[in-house]
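Descriptive structure summary
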Amino acid sequence: MKKFDGFKPIDADPAKCVFKTDARSTVWQTADGNWVIKRFGHNRIRQILSWLIGLHPGQRECRRARALAAQELPVVQVAKTRLISGRLWVATEFVGPSMQQLVASGALRDERQRLPLLSQLADLASRLVRANCFFRDFQLANIVVDANGHAKLIDVGSARGLSSESQISRMLNLLIETMLKEGATIEDCLTVLGMILERSPACESAARRIIGTLQGEVEQDTATPAML
Ligand SMILES: Nc1ncnc2c1ncn2[C@@H]1O[C@H](COP(=O)(O)OP(=O)(O)OP(=O)(O)O)[C@@H](O)[C@H]1O
Ligand SMILES: [Mg+2]
């Protein structure tokens, strides 16, 4: 891990470095490009109180990232957290573009990138299930891809133990919904589900149900994210 040289204010050119900003949090890349900072935005008193008892969402994210890595899942680790004037700041090492950015920018239309990217998505889904992990927020925006083409999970605060088949369906549904929303084709989705079927017997019925729904739409090619 690169040396972390401290939290800095938001950089001068927000259009270039801010990934998102809303009432919940602001997320940006540092000027040197090495780090991503998430600053939680909700009520400061609640942040201080939850931080004192160890239940701040940022602390949870940090703990879950460690726990999942201990199960050999590829998860970006929190490098440092700091409570500044009632708001928690969390730093992670910058990895690379998110799957959301890649799919939205047409990476799946490039034949050299398509199968490796879909294979990384299938790999993550089957590894989560194998590790008995229910990651409620398993969506393209929470997957980043490093310079070697390896996908890693971020924002894993919502990860829990997997306790039912319907949770597998929820994870796969969200993945497919977000793929369609960012412009992936039904064929891309069917390919990723086929790969998941091959890799994870536990995903079989959830994957087959979604495949059935998507195949019903193939002729017209009218699948929408809401359809699932
Ligand atoms: N370590 C990282 N490397 C590369 N990009 C990152 C990294 N962390 C976050 N990002 C980018 O910032 C975006 C938002 O980050 P993150 O998912 O942590 O916040 P969020 O979902 O908005 O937060 P929350 O759900 O807590 O409000 C990601 O979709 C990704 O594009
Ligand atoms: Mg996120």
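Source: prediction; values computed, not measured.

Once that is clear, we can look at the sheet that holds strand β5 (residues 87–93). Taken in spatial order, the five strands line up as β1-β2-β3-β5-β4 in an open sheet, and their pairing is antiparallel. The open sheet is flanked by β1 (18–21) and β4 (78–84), the only strands paired with a single partner. The sheet shows a mean angle of 15° between the axes of neighbouring strands, taken without regard to direction. As paired strands, β4 and β5 are joined by six bridges and run antiparallel to one another. The residue bridging Ile-84 from the neighbouring strand is Arg-87, located in β5. Sitting on the sheet, helix α2 (residues 44–52) touches β3 (35–40), β4 and β5, and the angle it makes with β5 is about 65°. Across the sheet, helix α3 (residues 57–70) lies against β3, β4 and β5, angled at about 165° from β4, the strand it touches most.

Once that is clear, we can look at α3. When the terminal C-alpha atoms of α3 are compared, their 20 Å separation across 14 residues agrees well with the 20 Å that a helix rising 1.5 Å per residue should span. Every buried residue of α3 is listed here: Pro-57, Gly-58, Glu-61, Cys-62, Arg-64, Ala-65 and Leu-68. Where the residues of α3 are buried, they touch β3, β4, β5, β6 (133–135) and β9 (159–161).

Our focus in this paragraph is the nonpolar core. In this structure, Leu-121, Ala-125, Leu-128, Leu-153 and Leu-172 are the most contacted members of the largest nonpolar core, which totals 57 residues. Looking at this core element by element, the count peaks at eight residues for helix α5 (residues 111–130). Residues lining this core come from more than one domain, with at least three contributed by each of domain 1 (14–93) and domain 2 (99–227). Filtering out sequence-adjacent residues up to four positions away, Ala-125 remains in contact with Met-171, Leu-172, Leu-175, Ile-196 and Cys-203.

On to the environment of Ser-98. Among the structural elements, Ser-98 can be located in the loop between β5 and α4 (99–104). Exposure remark for Ser-98: the 19 C-beta atoms within 10 Å place this residue in the partly exposed category. The spatial distance from the C-alpha of Ser-98 to the C-alpha of Asn-142 is 7.1 Å, given a sequence separation of 44 residues.

If you check the domain split of the chain, you get domain 1 (14–93) and domain 2 (99–227). Computed over C-alpha atoms, the centres of domain 1 and domain 2 are 25 Å apart. In this complex, domain 1 contributes 12 residues to the contact, which on the side of domain 2 involves 14 residues. Per-element tally for the side of domain 1 that touches domain 2: the top contributor is α3, with six residues. Across the side of domain 1 that touches domain 2, the residue classes break down as seven nonpolar, two polar and three charged.

The next point concerns the site of ligand 1. Near ligand 1 there are 19 residues, and of these Phe-19, Val-95, Ser-98, Ala-141 and Asp-155 occur at the shortest range. For the shell around ligand 1, the secondary-structure elements that each account for two or more residues are β1, β2 (25–29), β3 and β5. The residue makeup of the shell around ligand 1, split by class, is nine nonpolar, five polar and five charged. Lining the shell around ligand 1 are residues from two domains, each supplying at least three of them: domain 1 (14–93) and domain 2 (99–227).

Let's shift gears to the pairing of β1. Pairing of β1 with β2, which is carried by three bridges, proceeds in the antiparallel orientation. Along β2, the bridge assignment pairs Lys-20 with Val-27. In textbook terms, the turn of a hairpin is the stretch between consecutive antiparallel strands, and for β1 and β2 this stretch comprises three residues.

What counts, and at which threshold
Residues numbered from 1 in each chain as written. Chains lettered and ligands numbered in written order. Predicted model: local features only at pLDDT ≥ 70, side-chain atom pairs only at ≥ 80, totals over all residues. Pairing = 2+ DSSP bridges. Helix = DSSP H or I, 4+ residues; strand = E, 2+ residues; numbered from the N terminus. Axes fitted to C-alpha atoms, helices over the stretch in contact; angles between N-to-C directions. Contact = placed C-beta atoms within 7 Å. Expected span 1.5 Å × (residues − 1). Buried ≥ 20, exposed ≤ 12 C-beta atoms within 10 Å, placed from the backbone. Core = buried A, V, L, I, M, F, W, Y, C linked by C-beta atoms within 7 Å. Domains from an automatic or database assignment. Nonpolar A, V, L, I, M, F, W, Y, C, P; charged D, E, K, R; others polar. Near = placed C-beta within 6 Å.

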